Amino acid sequence: MLSQKKTERQSRVCEIGGFRTSELRTLTSNSGERFLSLLLMLIADMRCFRCFYTRAHSLLLLRSSNPVTVPISPVRFRLRLRRLSSSPVASVFDLHSSNQDANSNREDKDTKIGFSDDKSRNSGSNPPRWNPGEVVMNKSKKGKSKTVWVCESCGHSEGQWWGSCRACHKVGTMKRFSEGSESSASGGGGNGTGLGFTEGKGLSWLPEQATVQPHRLTDVIHGITQQQWRISLPGLFGNEVARVLGGGLAPGSLILIGGDPGIGKSTLLLQIASIIAEGSELAEPAPVLYISGEESVEQIGSRADRMRIQTEELYLFSSSDLQDILNKAHRLSPRALIIDSIQTVYLKDVTGSAGGLTQVKECTSTLLRFAKKSNIPVFLVGHVTKAGDIAGPRVLEHIVDVVLYLEGEESSTYRLLRSVKNRFGSTDELGVFEMANSGLEVVSNPSGIYLSQQNPDSDVLAGLAVAVVMDGSRSFLIEVQALCSPGSTVSRHVNGVQASRADMIIAVLMKQAGLRIQENGIFLNVANGMALSETAGDLAIAAAICSSFLEFPIPHGVAFIGEIGLGGEVRTVPRMEKRVSTVAKLGFNKCVVPKSVEESLKALSLKEIEIIGCKNLKELINAVFKG
């Protein structure tokens with residue numbers, strides 16, 4: 001029984017190679033030529049091993065993309081060779097004829113199946129036979145998505161997740177999203193799995209740029225008026241915004257405005273929309289489209305009524321579908337388009353939800369193409385993260401033309417509109433506003449908004465000094481407060497001043513000026529919650545500490561401008577003329593400056609202010625605290 005099963009198994013194995021065991025034994029029974037027997041069995045077993053190897057190899061290749069080698073043990077081949085080597089073999093002619101018969105039988109069998117020749121195997125509806133010489137590769141499925149990890153800070157992409165970005169080295173900024181297939185990305189699928197947005201479906205009305213040719217700079221500039229270069233913003237509020245934008249609103253520009261929640265971004269844009277829609281002396285009233293994806297039309301109307309905005313050409317629309325928004329904008333042809341906010345709009349042909357990395361990037365790119373082709377300026381509102389940066393990929397700030405930040409303290413009503421990026425003007429400009437019931441109002445005298453009430457007749461208010469700092473192109477006067485408390489358990493505490501800078505100034509006062517303040521607890525503070533990061537405030541910090549330690553109040557109307565070195569010398573800082581002019585306009589009668597710029601500042605002919613030059617801290621103490 002066991003020998004019969006073994007014989008059947010051997011017969012099946014040999015049948016795979018094209019020969020049956022019974023045929024081989026018949027062929028080898030009438031001859032004693034052992035060489036031909038060995039040769040025949042070698043051919044039969046090698047065909048068997050070849051078929052088994054190629055079939056197993058193909059199955060493994062279909063499951064793995066790496067090449068796999070299947071080892072075949074020669075034990076079975078040796079056993080069969082020893083068994084059949086003792087049997088006689090037929091003649092060479094009988095072997096050749098028998099082999100031809102076997103091949104003809106196999107060809108007839110293949111013909112019945114449907115593989116009569118090579119041409120029939122490669123053509124027709126029947127699937128081709130697998131060729132052992134072919135290389136089997138693992139093909140990706142059609143429409144299969146690819147996972148990519150993108151840094152939301154710099155836009156660097158990786159194929160796998162890393163704890164930190166390998167480009168900007170920031171931790172926790174790698175976000176995951178899936179890219180669609182190439183067919184879907186081209187926009188032909190229409191199933192919402194692609195990464196691109198085809199203009200043929202919703203933006204076919206935009207003008208084509210195929211005929212655009214390079215132009216000379218002189219030809220571009222010649223004949224263009226100021227009205228074509230800029231859209232004017234009249235009024236005090238409009239002039240303040242226009243100054244931050246670089247002289248007005250550039251047609252076809254894409255402007256991104258960021259800020260903390262509740263800081264007043266929507267209020268700012270609603271007032272800008274009202275000014276543009278009302279027109280000016282150079283431009284007639286024109287429609288402005290205000291899009292909100294966060295508020296309803298009734299909510300926007302309620303805020304406009306509170307701000308007393310009743311412009312007829314201001315249109316409101318609440319939607320999040322960007323394709324629908326751009327179609328509405330095409331029909332209305334507005335002078336400006338405002339979208340509040342970019343994190344709420346989406347494109348149907350782009351994967352991901354609204355606010356995702358891919359959606360934000362593609363929506364911004366689509367709005368950029370719309371602005372450049374239609375020559376309509378577009379305002380975008382961007383949410384910010386906990387760190388204060390605009391949410392979304394960092395590439396978002398590279399796409400837009402202008403990036404503005406609206407800043408302000410929670411306890412303060414003042415708002416600062418700062419330009420971080422501006423392709424049409426300087427980034428040194430700064431707009432100062434105050435939040436009121438009717439909206440944002442322009443501050444007439446922004447330089448003195450951070451000064452507290454002065455009490456020149458009080459003897460207990462020692463330790464107060466006024467510093468002049470620059471923020472962009474604006475100069476501000478801030479108040480520095482110091483307190484020296486003998487026997488305090490706290491040696492040092494600062495608010496609004498860099499701790500390392502304060503330590504250096506205190507050490508210079510002890511070493512170079514000879515003040516014995518080692519046993520005093522020193523407290524430093526900047527009034528109104530301001531942060532003093534400029535070195536121009538060093539002289540005011542030193543004067544405040546000396547005033548508190550000597551218990552000598554600084555006379556009213558004295559300002560300090562200068563940097564302190566390790567040797568106790570007073571150094572100059574940039575824009576001294578503008579700083580001193582601001583001090584003079586605010587009614588101060590004395591200004592302490594470095595000795596090196598005293599003569600040049602006196603040449604400004606500022607009669608209402610006295611310029612006092614000091615070389616070092618000892619001269620500062622003698623000039624201010626004499627008496």
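Our structure's up above, just so we're on the same page.
Description of the structure in this document.

Quick notes on the rules
Residues numbered from 1 in each chain as written. Predicted model: local features only at pLDDT ≥ 70, side-chain atom pairs only at ≥ 80, totals over all residues. Heavy atoms only, no water. Helix = DSSP H or I, 4+ residues; strand = E, 2+ residues; numbered from the N terminus. Buried < 20%, exposed > 50% of the residue type's maximum accessible area, 1.4 Å probe, protein only. Contact = heavy atoms within 4.5 Å. Areas by Shrake-Rupley, 256 points an atom, 1.4 Å probe, with all protein chains shown as cover. Expected span 1.5 Å × (residues − 1). Pairing = 2+ DSSP bridges. Axes fitted to C-alpha atoms, helices over the stretch in contact; angles between N-to-C directions. Parallel < 35°, antiparallel > 145°, perpendicular 65-115°, else oblique. Left-handed = near helix turned anticlockwise from the far one by under 90°. Nonpolar A, V, L, I, M, F, W, Y, C, P; charged D, E, K, R; others polar. Right-handed = clockwise from strand over helix to strand, strands pointing away. Disulfide = S-S within 2.5 Å. Phe/Tyr/Trp six-rings, centres within 6.5 Å; stacked < 30°, edge-to-face > 60°. Lys NZ or Arg CZ within 6 Å of the ring centre and 35° of its normal.

**Structural notes on the overall build of the chain**
Tallying secondary structure elements over the chain gives 21 helices and 21 strands in all. Here the chain holds 627 residues, and 43% of them are scored as buried. Put simply, 65% of the contacts in the chain that link residues at least 6 apart link residues at least 24 apart. Only carbon and sulfur atoms are counted for the fraction: they give 51% of the accessible area of the chain, which is about 34000 Å².

**Considering helix H12 (residues 265-278)**
Spanning 14 residues, H12 covers 20 Å between terminal C-alpha atoms, matching the ideal 20 Å at 1.5 Å per step. Among the 14 residues of H12, 13 are classified as buried, and the element is accordingly described as predominantly covered. Downstream of H12 by a residue or two, Gly279 has a phi angle that is positive, lying close to 80 degrees.

**Brief notes about the sheet that holds strand E16 (residues 520-526)**
Pairing is mixed in the open sheet, where 7 strands are placed in the order E15-E16-E14-E13-E17-E20-E21. With one partner strand each, in any of the chains shown, strand E15 (492-495) and strand E21 (610-614) form the two edges of the open sheet. Taking each pair of neighbouring strands and ignoring which way they run, the sheet shows an average axis angle of 25 degrees. The pairing of strand E20 (residues 590-594) with E21 spans 5 bridges and is parallel.

**Concerning the environment of Asp349**
Inspection of the secondary structure puts Asp349 in the loop between strand E7 (336-340) and helix H15 (357-374). Judged by its relative accessible area of 7%, Asp349 is buried. For the pair Asp349 and Glu362, spaced 13 residues apart in the sequence, the C-alpha separation amounts to 10.0 Å.

**Some points on the packing of helix H14 (residues 322-332) against H15**
Where H14 meets H15, the axes come as close as 11 Å, and the angle between the chain directions of the two elements is 15 degrees. Compared by their axis directions, H14 and H15 come out roughly parallel. For the element pair H14 and H15, the recorded crossing hand is right-handed. Judged by residue contacts, Leu322, Leu326 and Ala329 of H14 engage Cys363, Thr366, Leu367 and Phe370 from H15.

**Section: the packing of helix H11 (residues 235-245) against H12**
In the contact formed by H11 and H12, the axes pass within 10 Å of each other and the chain directions differ by 110 degrees. If you check the angle between H11 and H12, you find them roughly perpendicular. Facing Phe237, Gly238 and Val241 of H11, the residues of H12 in contact are Leu268, Gln271, Ile272 and Ile275. When its residues are assigned to classes, the contact of H11 with H12 shows 5 nonpolar, 2 polar and no charged.

**Here's the deal with unusual backbone geometry**
Along the chain, Asp340 connects to Ser341 via a cis peptide bond; the corresponding omega equals 10 degrees. Relative to the assigned elements, Ser341 resides in the loop between E7 and H15. For Ser333, which is not a glycine, the phi torsion comes out positive at approximately 50 degrees.

**Remarks on the pairing of E15**
For E15 and E16, the ladder comprises 4 bridges, and the chain directions are parallel. Following the sheet pairing, Arg492 is matched in E16 by Ile522. What joins E15 to E16 is helix H17 (residues 499-511), and the crossover it makes is left-handed.

**Describing the state of the cysteines**
Applying the stated rule across the entire model yields 0 disulfides. With no disulfide of its own, Cys151 lies 3.6 Å from the sulfur of Cys165, the closest cysteine sulfur.

**What about the packing of aromatic side chains?**
Considering all chains together, one arrives at 2 aromatic pairs under this definition. Ring geometry for Phe237 versus Phe433: centroids 5.3 Å apart, planes at 50 degrees, classification tilted. Here Phe433 lies in strand E11 (residues 430-436) and Phe237 lies in helix H11, a separation of 196 residues in the sequence. Comparing Phe237 with Phe433 shows no difference in burial state: the two are buried. Ring centres of Phe552 and Phe625 lie 5.8 Å apart, and the angle between their planes is 90 degrees; this geometry places the pair in the edge-to-face category. Here the residue Phe552 occupies a position in the loop between helix H18 (538-550) and strand E17 (558-560), and Phe625 occupies one in the segment after helix H21 (617-624), the gap between them amounting to 73 residues. Just above the ring of Trp162 sits the side chain of Arg166; from NZ or CZ to the centre is 4.3 Å.

**Some remarks on the sheet that holds strand E12 (residues 439-442)**
As summarised here, the arrangement of the 9 strands in space is E6-E5-E7-E8-E4-E9-E10-E11-E12, forming an open sheet in which the pairing is mixed. Pairing within the sheet leaves two strands with one partner each, and these edge strands are strand E6 (314-318) and E12. Geometrically, the sheet is characterised by an average inter-axis angle of 25 degrees between neighbouring strands, direction not taken into account. Bridge count between E11 and E12: 4 bridges; the pairing is antiparallel. Along E12, the bridge assignment pairs Glu434 with Glu441. On top of the sheet, helix H13 (residues 297-306) reaches strand E5 (288-292) and E6; it is set at about 145 degrees to E6, its chief contact. Against the sheet, H15 contacts strand E4 (254-259), E7 and strand E8 (378-382), and its axis sits at roughly 160 degrees relative to E8.

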